[in-house]
Amino acid sequence: GMIQNYYANITASILLAHGESDRIIPDTWSEDTCNLLKVAGVQKRCIYYKGADHTFYDGDLEDFIGEVLSFFAT
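Residues numbered from 1 in each chain as written. Predicted model: local features only at pLDDT ≥ 70, side-chain atom pairs only at ≥ 80, totals over all residues. Heavy atoms only, no water.

Novice: Can you help me understand unusual backbone geometry in this one?
Specialist: Although it is not a glycine, Asp58 sits at a positive phi angle of roughly 50 degrees. On the basis of relative accessible area, Asp58 is assigned to the exposed category, the value being 68%. (Buried < 20%, exposed > 50% of the residue type's maximum accessible area, 1.4 Å probe, protein only.)

What follows is the structure in structure tokens.
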């Protein structure tokens with residue numbers, strides 16, 4: 001859609017995390033977004049959690065929090 005035309009205007013780094021068993025947002029949306037960010041030259045980190053739903057729990061949540069802290073530290 002039209003929004004992809006604006007990806008090249010993004011100046012902030014992006015952290016995108018998605019549960020591969022998300023029943024609310026299709027994982028293809030995240031995959032497409034990450035690919036478009038890459039094409040636009042945006043600094044990004046995309047993480048996919050196998051078996052995770054829309055909300056992260058237990059080990060996935062712990063890992064995600066670590067990713068967020070690391071992301072903001074850099």
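Novice: So what exactly am I meant to see when it comes to the side chain of His18 here?
Specialist: Inspection of the secondary structure assignment puts His18 in strand 1 (residues 14-19). Of the polar contacts made by the side chain of His18, one reaches the side chain of Ser30; its length is 2.4 Å. In contact with His18, not counting residues within four places along its chain, are Ile25, Pro26, Asp27, Ser30, Ile47, Tyr48, Tyr49 and Phe56. (Helix = DSSP H or I, 4+ residues; strand = E, 2+ residues; numbered from the N terminus. Polar contact = N/O pair within 3.5 Å; in protein donor to acceptor, adjacent residues only side chain to side chain. Contact = heavy atoms within 4.5 Å.)

Novice: It is not clear to me how the environment of Gly19 should be interpreted in this structure. Could you clarify?
Specialist: In this fold, Gly19 is placed in strand 1. Taking the C-alpha atoms as reference points, Gly19 and Gly41, separated by 22 residues in sequence, lie 24 Å from one another. Each residue touching Gly19, except ones within four places of it in the same chain, is listed here: Tyr49, Ala52, Asp53 and Phe56.

Novice: Can you walk me through the pattern of salt bridges in this structure?
Specialist: Here the idea is simple: oppositely charged side chains can pair when their charged atoms come close. Under the counting rule described, the total for this entry stands at three salt bridges. Two residues, Glu20 and Lys50, come together in a salt bridge whose shortest N-O distance is 3.6 Å. A residue pair is termed long-range when its members are at least 10 positions apart, and Glu20 in the loop between strand 1 and helix 1 (27-39) and Lys50 in the loop between strand 2 (44-49) and helix 2 (58-73) qualify at 30 residues. A salt bridge links Glu67 to Arg45; the shortest N-O distance between them is 2.8 Å. With a gap of 22 residues between them, Glu67 in helix 2 and Arg45 in strand 2 connect regions that are remote in the sequence. The class of Glu67 is buried, set by a relative accessible area of 16%. (Salt bridge = Lys/Arg side-chain N within 4 Å of Asp/Glu carboxyl O.)

Novice: Honestly, the state of the cysteines in this entry has me stumped. Any pointers?
Specialist: Structurally, a disulfide amounts to a covalent bond that connects the sulfur atoms of two cysteines. One pass over the structure, following the stated rule, counts one disulfide. The residue that forms a disulfide with Cys34 is Cys46, at a sulfur-sulfur distance of 1.9 Å. As the torsion about the S-S bond is roughly -105 degrees, the Cys34-Cys46 disulfide counts as left-handed. With Cys34 in helix 1 and Cys46 in strand 2, the pair connects residues that are twelve residues apart, well separated along the chain. You'll find Cys34 and Cys46 in the same group, each marked buried. (Disulfide = S-S within 2.5 Å.)

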